[in-house]
Amino acid sequence: RKEVEQDPGPFNVPEGATVAFNCTYSNSASQSFFWYRQDCRKEPKLLMSVYSSGNEDGRFTAQLNRASQYISLLIRDSKLSDSATYLCVVNWGAGANNLFFGTGTRLTVIP
Amino acid sequence: EPEVTQTPSHQVTQMGQEVILRCVPISNHLYFYWYRQILGQKVEFLVSFYNNEISEKSEIFDDQFSVERPDGSNFTLKIRSTKLEDSAMYFCASSGIGSGANVLTFGAGSRLTVL
């Protein structure tokens, strides 16, 4: 069965805090991994792709562990504008462009 | 920044009616998709479309659903006879080729309410 599992949260953190989200996926053939963010009643927007070696984009760091089929997202120095739902997204097999979404983890950054 | 546009933003329909949701993908993209999100639930893949044919579809995408690219710019999703459970936000997305094929850009969505 195709599954992408995330802790739904919610995570309520103060401004400036560091917060980490985790995700596991069931299909070992998955080739591409992403974090999207979704604001309330809006479309998903790509936050960052996740590469095997791990990658960083400003305050955001993504890690991939293929052996454990595990993806993480770390947000440092949280801003109020980071409040959103963070979606773990995985493609399903080589050549498959269709993406499978986790249920998302909701983050609220508190002043 | 190029964007995917969708119309209508919100449609209310009676159960059993046909609905067509329209999308204009990013102009140089070659892959097109429909996803849906029932309120409070996860985003679900419906169908992908490439080279004027369906490339993959999920079990949700049954005979009541169809997609079409009637001209060089529009990509449509038709639901032939809507059911209450079709009420959802429907997102269109598109992607490019090569390394960009897996990077999807989503439209703002069409909210469908079936009464």
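Just so you know, these numbers come straight off a predicted model, no measurement behind them.

Draft legend 1. Examining the overall build of chain B more closely. Helix and strand counts for chain B come out as zero helices and 11 strands. For chain B, the α and β elements follow one another from N to C terminus as β-β-β-β-β-β-β-β-β-β-β. Over its C-alpha trace chain B gives a radius of gyration of 13 Å, about what one expects of a compact globule, namely 13 Å for 115 residues. Judged by the C-alpha coordinates and their principal axes, chain B covers about 40 × 25 × 25 Å. Residues classed as buried in chain B amount to 47% of the 115 residues present. Considering only intrachain contacts with a sequence separation of at least 6, the fraction spanning at least 24 residues in chain B is 53%. Summed over its atoms, the accessible surface of chain B is roughly 5800 Å², and 46% of this surface lies on carbon and sulfur atoms.

Draft legend 2. The arrangement of the pairing of strand β8 (residues 75–79) of chain B in detail. Residue and element names in this part refer to chain B. Across the five residues that make up β8, a large majority, four, are buried. Pairing of strand β3 (residues 19–24) with β8 involves five bridges; the strand directions are antiparallel. Bridging across to β8, Leu-21 finds its partner in Leu-77. If you look at the hairpin formed by strand β7 (residues 65–68) and β8, you'll find six residues sitting between the two strands.

Draft legend 3. How the structure looks around the pattern of salt bridges. Residues and elements named next belong to chain A. Enumeration over the complete set of coordinates arrives at five salt bridges over all chains. Two residues, Arg-37 and Asp-39, come together in a salt bridge whose shortest N-O distance is 2.7 Å. For Asp-39, a relative accessible area of 31% translates into the label partly exposed.

Draft legend 4. Expanded view of the interface of chain A and chain B. Taken together, the 19 residues of chain A in the interface contact 19 residues of chain B. Buried area between chain A and chain B, summed over both chains or domains, comes out near 1700 Å², and the portion from carbon and sulfur atoms is 53%. At the surface where chain A touches chain B, the tally comes to zero salt bridges. If you look at where chain A meets chain B, you find three residue pairs in polar contact (both at pLDDT 80 or more). For the side of chain A that touches chain B, the secondary-structure elements that each account for two or more residues are β4 (33–38), β5 (44–50) and β10 (99–101) of chain A. A breakdown of the residues in the side of chain A that touches chain B according to their chemical character gives eight nonpolar, seven polar and four charged.

Draft legend 5. Spatial organisation of the sheet that holds strand β1 (residues 4–6) of chain A. All names here are of chain A. In space, the five strands of this open sheet follow the order β1-β3-β8-β7-β6, with antiparallel pairing throughout. Here the strands that pair on one side only, and so sit at the sheet edges, are β1 and β6 (55–57). Taken over all neighbouring pairs, the strand axes of this sheet differ in orientation by 20 degrees on average, direction set aside. In this sheet, strand β8 (residues 70–75) lies alongside strand β3 (residues 19–25) in antiparallel orientation, the contact comprising six bridges. Looking at β8, one finds that Val-19 is bridged to Ile-75.

What counts, and at which threshold
Residues numbered from 1 in each chain as written. Chains lettered and ligands numbered in written order. Predicted model: local features only at pLDDT ≥ 70, side-chain atom pairs only at ≥ 80, totals over all residues. Heavy atoms only, no water. Helix = DSSP H or I, 4+ residues; strand = E, 2+ residues; numbered from the N terminus. Rg over C-alpha atoms; globule rule 2.2 N^0.38 Å. Buried < 20%, exposed > 50% of the residue type's maximum accessible area, 1.4 Å probe, protein only. Contact = heavy atoms within 4.5 Å. Areas by Shrake-Rupley, 256 points an atom, 1.4 Å probe, with all protein chains shown as cover. Pairing = 2+ DSSP bridges. Salt bridge = Lys/Arg side-chain N within 4 Å of Asp/Glu carboxyl O. Buried area = accessible area lost by both parts, 1.4 Å probe. Polar contact = N/O pair within 3.5 Å; in protein donor to acceptor, adjacent residues only side chain to side chain. Nonpolar A, V, L, I, M, F, W, Y, C, P; charged D, E, K, R; others polar. Axes fitted to C-alpha atoms, helices over the stretch in contact; angles between N-to-C directions.

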